[in-house]
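# Residue-level structure breakdown
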Amino acid sequence: MALLSLNNISFAYSHPALMKDATLHIERGERIGLVGRNGAGKSTLMKLIDGQLAPDDGNIAIAPETVIARLSQEVPEGDHQTAFEVAAEAFGSDAKFVIDYRHFNNVMQNGEPLSAKDQTRYDAASEGLGEAELWDAGDRLDGLLQEMQLPADKPFNELSAGMKRRVLLAQAMIRKPDILLLDEPTNHLDIESILWLQDYLSRFAGTLIFVTHDRVFLQEIANRIVEVDRGRLFDWTCDYETFLKRRDDLLAAEETAQAHFDRKLAEEEKWIRQGIKARRTRNEGRVRALKKMRTERSERREKMGTAKLQLQAAEKSGRLVAQLKNVTHGFGGPALIKDFSTTVFRGDKIGVIGPNGIGKSTLLKILLGELVPEQGEVKLGTNMSVAYFDQLRGQLDPSKSARENVSEGTDELMINGAKRHVMGYLQDFLFTPDRAHTRVEYLSGGERNRLLLAKLLTKPANVLVLDEPTNDLDAETLELLEDAMTQFGGTALIVSHDRAFLNNVVTSTIVFEGNAIVEEFDGGYDDWQRQKQNRVKTAAAADAALAATQKPQLVAVKTEAAKPRKLSFKEQRELDELPEKIDKLETRQKELHALMADPAFYKQDGSEIAATQKEAEEVDQQLQHCFTRWEALE
């Protein structure tokens, strides 16, 4: 028997149905990635599995004693409960016993006596933890929160959105579920947390069913893909990249079959209009077949169209957008940014990477001139027109409809110099008339993000600030946003934890390394990782080289007073020339990377592309050698 079976289930909020005669069988230990367009019904399917919703038709069979836990898409504001208390809600009616038992145990471990009233509560908690698996629940939860680097006793409402998400993950995981349902688990998580979650889930022994926009996460975790499309479930037992290829083949075959069907239907409609000329019995059969074809055509659900994203570029900004020299800032306390310098030019696409709460938003405000740093110099460019995408969608009024949020009281919008009716404009972002008149609070996460993009793009800008723009967006819309960003002639500052998006869009990355250290690297996420590994290798090689040069000196320590070996004239000359040589190599490295980041670069002859790539590799190798020699000689 399968762990979970969905048998011919149907479900609808309105017409058309989100699920129609859908069947799916899930076995223990599978890791299933749910994919599909925003609004296709992925979250609804999870709610049906979880029992939060009941199907209109069909049935869901679950193996006896199966524990199901679900992480919802939304992050609550929370009240004054601690992180531990929120996570402990996983134990349901037993949560109070777990919380009290832990609290009074901590009090007694600190050597404090319990009052008579507290002793009564402690005894009640001990009695409430009657089932064996609950006795160590507090310790297990403490251990999990510590592993996830969460402050157990900090108020939940004081945590960042990313930290709240991790508390809710702990709440879902602590029950050791047989089936773990995760709806957009990587939203609001920094890259370090995503990598931790990726590693944790790869070791999770239960069945995992998850929805995510993070394509790298999906590729790494899922061993089976289930696509929700037009009320049906398409089952693909493969990884994500293989699914993309097979799905494209299926859609092409479907398009061919539908075109053939439509031609046949047109021929039959033409025949029926010309009148019945053959024998009556044969004609009646043909008429019945035509009626069946009409019914089949009327029930066909066309594939949802593709969003149209057009970035409105304002008049060009100055060549210089912002220049920071030795900037330090910490709001009067410990520094968040220390001695950081950078120059942003028009056309740069810069990714900002770092853990939640480390200072990324502070850096953006300094770059935009909204915040004056405690130390250092900031020079801003001219003619800057800034558009800001807020990850918490604070620019949307939840009590108003999608149309009202975008139109702001008018029926016409000026888009790239041409007038557009607001309803036609919203259709470009896949909002049907019905969804356009729906209040924002009832839209899905993906629809809200598309709406925020629609609102953002109504105004021309030459500097785009995107704070987690990829949250909740489906893969197709993500790819369109990537294309729009690469074609945008202005400047973009992008805070994102989406590794694929960073790789595909940005030309350089600013990385918060911790301890107020901020560094800049060429390229996207993978380029940063490669350069970081090269630095580690270079440092290791330098240490080895230094150790090798010091071995003779160690012998000298035992025999005489161990004077440091002086550099020879040739070595000293080499050391003096190295800074200038490194500077030239780094300049050439930046030129080559900028050249290869230009889409026009790959339109050249193949031999020219190969020559440039070879030169870039040689420059990288020369730089590594120079750094190794510099470390050794110094």
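In this text the structure is predicted, and so the values were computed from the model without any measurement.

### Thoughts on the overall build of the protein
Check the secondary structure of the protein and you find 21 helices and 20 strands. The contacts of the protein with a sequence gap of at least 6 include a subset with a gap of at least 24, amounting to 68%. In the form shown here, the protein has an accessible surface area of approximately 32,800 Å², with 50% of it arising from carbon and sulfur atoms.

### Some words on the nonpolar core
Membership of the largest hydrophobic core comes to 49 residues, with the highest contact counts inside it found for L180 and L201. For this core, the element with the most residues is helix α7 (residues 161-173), which contributes seven residues. Apart from residues lying up to four places away in sequence, L180 is in contact with A69, A172, M173, L201, F204, T207, L208 and I209. Counting residues in hydrophobic clusters, the runner-up holds 42 residues, among them F389, L413, L453 and L456.

### Quick look at the environment of T477
With respect to the element layout, T477 can be found in helix α17 (residues 475-487). On the basis of relative accessible area, T477 is assigned to the buried category, the value being 1%. Linking T477 and G446, residues 31 residues apart in sequence, is a C-alpha distance of 9.6 Å.

### A few points about the pairing of strand β18 (residues 491-495)
In summary, the side chains of a regular strand alternate between the two faces of the sheet. Of all five residues in β18, five are buried; the element is thus mostly enclosed. What you see with β18 is no split at all: T491, L493 and V495 on one side and A492 and I494 on the other are buried throughout. Where strand β12 (residues 349-353) lies against β18, four bridges are found, and the strand directions are parallel. Bridge pairing in β18 links G351 to I494. Bridge analysis of strand β17 (residues 463-467) against β18 gives five bridges, and the strand direction is parallel. Paired with L466 across the two strands is I494, which belongs to β18.

### A word on the packing of aromatic side chains
Tallied over the full model, the rule gives seven aromatic pairs. Taking the centre distance of 5.0 Å and the plane angle of 90 degrees together, the rings of F11 and Y13 count as edge-to-face. With 5.9 Å between their ring centres and 35 degrees between their planes, Y240 and F243 make a pair best called tilted. On the criterion of helical spacing, the pair formed by Y240 and F243 is a turn pair, its members being three residues apart in helix α10 (residues 240-274). Each of the two residues, Y240 as well as F243, counts as buried. By way of ring pairs, the aromatic residues W236, Y240 and F243 are connected into one cluster. One residue, R450, lies across the ring of F431, its end atom 5.3 Å from the ring centre.

### Describing α10
Along its 35 residues, α10 runs 51 Å from first to last C-alpha, staying within 8% of the 51 Å computed at 1.5 Å per residue. Here α10 has its buried residues at Y240, F243, R247, Q258, F261, L265, E268, E269 and W271.

### Examining the sheet that holds strand β9 (residues 232-236)
Here six strands make up an open sheet; going across it, the order is β5-β6-β7-β3-β8-β9 and the pairing mixed. The open sheet terminates on both sides in strands that have one partner only, identified here as β5 (68-71) and β9. In this sheet, adjacent strand axes meet at a mean angle of 15 degrees when their direction is disregarded. In terms of strand pairing, strand β3 (residues 31-35) meets strand β8 (residues 224-229) through four bridges, oriented parallel. By the bridge assignment, V35 is partnered in β8 with E227. The strands that helix α1 (residues 42-50) touches are β3, β5, β6 (179-183), β7 (207-211), β8 and β9; relative to β6, the one it contacts most, it runs at about 150 degrees.

### Section: the sheet that holds β18
Read from one edge of the open sheet, six strands run β14-β17-β18-β12-β19-β20, paired in mixed fashion. Lying at the two open borders of the sheet, with one neighbouring strand each, are β14 (386-389) and β20 (517-522). Between one strand and the next, the sheet's axes are offset by a mean angle of 15 degrees, whatever the strand orientation. As judged from the four bridges shared by β12 and strand β19 (residues 508-514), these two strands associate in the parallel manner. Considered in β19, the bridge of V352 is made with I510. Strands β12, β17, β18 and β19 of the sheet are contacted by helix α12 (residues 360-367), whose axis makes an angle of about 165 degrees with β18. Across the sheet, helix α16 (residues 445-456) is in contact with β14 and β17; its angle to β14 comes to roughly 170 degrees.

### A closer look at the confidence of the model for the protein
The pLDDT averaged across the protein works out to 82; a share of 89% of its residues lies at or above 70. Every residue in residues 554-563 scores below 50 in pLDDT, and together they form three contacts with partners more than four places removed in sequence or on other chains.

### A word on the side chain of S317
Tracing the sequence through the fold places S317 in the loop between α11 (280-299) and β10 (320-329). Taking the relative accessible area as the measure of exposure, S317 reaches 4% and is therefore buried.

### Some remarks on the pattern of salt bridges
Considering all chains together, one arrives at 19 salt bridges under this definition. Residue R224 is joined to D235 by a salt bridge in which the shortest nitrogen-to-oxygen separation is 2.5 Å. Of this pair, R224 sits in strand β8 while D235 is found in strand β9, placing the two residues 11 residues apart along the sequence. The partner of R420 in a salt bridge is D428, and the shortest N-O contact between them spans 3.1 Å. Taking relative accessible area as the criterion, R420 reaches 25% and is therefore assigned partly exposed.

### Observations concerning α17
The end-to-end C-alpha separation of α17 is 19 Å, in line with the 18 Å expected for 13 residues at 1.5 Å each. Among all positions in α17, only E476, T477, L478, L481, E482, A484 and M485 are buried.

### Points about unusual backbone geometry
Its identity as a non-glycine residue notwithstanding, N326 has a phi of 50 degrees, on the positive side. Within the element layout of this structure, N326 appears in strand β10. Taking the relative accessible area as the measure of exposure, N326 reaches 44% and is therefore partly exposed. The phi torsion at F331 lies on the positive side, around 55 degrees, for a residue other than glycine. In this fold, F331 is placed in the loop between β10 and β11 (337-345).

Thresholds applied
- Residues numbered from 1 in each chain as written.
- Predicted model: local features only at pLDDT ≥ 70, side-chain atom pairs only at ≥ 80, totals over all residues.
- Heavy atoms only, no water.
- Helix = DSSP H or I, 4+ residues; strand = E, 2+ residues; numbered from the N terminus.
- Contact = heavy atoms within 4.5 Å.
- Areas by Shrake-Rupley, 256 points an atom, 1.4 Å probe, with all protein chains shown as cover.
- Core = buried A, V, L, I, M, F, W, Y, C linked by side-chain atoms within 4.5 Å.
- Buried < 20%, exposed > 50% of the residue type's maximum accessible area, 1.4 Å probe, protein only.
- Pairing = 2+ DSSP bridges.
- Phe/Tyr/Trp six-rings, centres within 6.5 Å; stacked < 30°, edge-to-face > 60°.
- Lys NZ or Arg CZ within 6 Å of the ring centre and 35° of its normal.
- Expected span 1.5 Å × (residues − 1).
- Axes fitted to C-alpha atoms, helices over the stretch in contact; angles between N-to-C directions.
- pLDDT = per-residue confidence, 0-100.
- Salt bridge = Lys/Arg side-chain N within 4 Å of Asp/Glu carboxyl O.

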